[in-house]
Amino acid sequence: MNLFSSLLDEPISILPNDGEVLYYGEIFSPEDSDFYFRQLLNTIPWQHDQAMVLGQIIETKRKVAWCADTIDNKPFSYSYSGVTRYSQPFSPELLSLKKLVEQHSGETYNSCLLNLYHSGEEGMAWHSDGEDDLKERGAIASLSFGAERKFSFKHKFSKEVVALQLKVASLLVMKGNTQQYWLHSLPPTKTVTEPRINLTFRTIDKPELKI
Ligand SMILES: O=C(O)CCC(=O)C(=O)O
Ligand SMILES: [Fe+2]
């Protein structure tokens, strides 16, 4: 696998205060990026996501999958938006992506949430990834394939907004107090018609075991 020259010499720090977000630029060549995009699109068991809204389960247009290490060959369970998910095992390709992301970011992860946005019309509303199951102040590493999209942060108290473009094959790492003080979103846009796949590698602290 070629390491691509658009990888930044030093990651760029995105937030002015109250957390740390590092943008590493593109960590794959266009060829490798294209390979992973197709591979993930065709092999991941994508499903519409579910969320509990006013006591009702609704389905999102965006599709998701969740992969995690297994313990004694049993999957993890993980809850967010009022719904519990059970993990798929990591495929060999995802494991190699996880290793690369771990090398770049100097952190380790035991799970990955995958999102498939079919076009710019699908996005993700303001939220922070502060679920109880996640390791407190654990790093979250976000790897993007497919269409380039804008990604925004908003401070929970000052309301300051910081935005950047997430390039194809780029790596962004959120750490420290970021989830405590900042929301993030993927704003929908009519100008992007191509699909995008995003992988967020995370650490689940006390994985419940599904028997
Ligand atoms: O698609 C993205 O870039 C972000 C996804 C995200 O924030 C999440 O899965 O929690
Ligand atoms: Fe998020």
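Residues numbered from 1 in each chain as written. Chains lettered and ligands numbered in written order. Predicted model: local features only at pLDDT ≥ 70, side-chain atom pairs only at ≥ 80, totals over all residues.

(A) Up close: the UniProt feature "domain: Fe2OG dioxygenase" (unreviewed entry) in the protein. Mapped onto the present numbering, the UniProt feature "domain: Fe2OG dioxygenase" (unreviewed entry) falls at residues 108–205. Counting secondary structure, residues 108–205 comes out at 4% helix and 50% strand; the distance between its end C-alpha atoms is 12 Å. (UniProt positions renumbered as here; feature names shortened; annotations may be inferred. Helix = DSSP H or I, 4+ residues; strand = E, 2+ residues; numbered from the N terminus.)

(B) Spotlight on the site of ligand 1. Taken together, the neighbourhood of ligand 1 is formed by Leu113, Asn115, Met124, Asp129, Ser142, Phe151, His184, Leu186, Asn198 and Thr200. For the shell around ligand 1, a count of residues per class yields 4 nonpolar, 5 polar and 1 charged. (Near = placed C-beta within 6 Å. Nonpolar A, V, L, I, M, F, W, Y, C, P; charged D, E, K, R; others polar.)

(C) Representation of the sheet that holds strand β8 (residues 124–127) in the model. Spatial strand order, β8-β13-β10-β11: 4 strands in an open sheet with antiparallel pairing. Strand pairing shows two members of the sheet lacking a second neighbour, β8 and β11 (161–166), which therefore form its edges. When the angles between neighbouring strand axes are averaged without regard to direction, this sheet yields 15°. (Pairing = 2+ DSSP bridges. Axes fitted to C-alpha atoms, helices over the stretch in contact; angles between N-to-C directions.)

(D) Geometry of the sheet that holds strand β12 (residues 170–175). If you walk across this open sheet you meet the 8 strands as β1-β2-β12-β9-β14-β7-β4-β3, and the pairing is antiparallel. Each edge of the open sheet is held by one strand with a lone partner, namely β1 (7–13) and β3 (47–53). The average undirected angle you get between the axes of adjacent strands in this sheet is 30°. For strand β4 (residues 56–68) and strand β7 (residues 111–117), the ladder comprises 6 bridges, and the chain directions are antiparallel.

(E) View of the nonpolar core. Ranked by size, the top nonpolar core spans 43 residues in total, and within it Cys112, Leu114, Ala141, Leu171 and Val173 carry the most contacts. A total of 5 residues in this core trace back to one element, the largest contributor, which is β7. Here Leu171 is in contact with Tyr24, Ile27, Val101, His104, Ala141 and Leu143, once residues within four sequence places are set aside. (Core = buried A, V, L, I, M, F, W, Y, C linked by C-beta atoms within 7 Å. Buried ≥ 20, exposed ≤ 12 C-beta atoms within 10 Å, placed from the backbone. Contact = placed C-beta atoms within 7 Å.)

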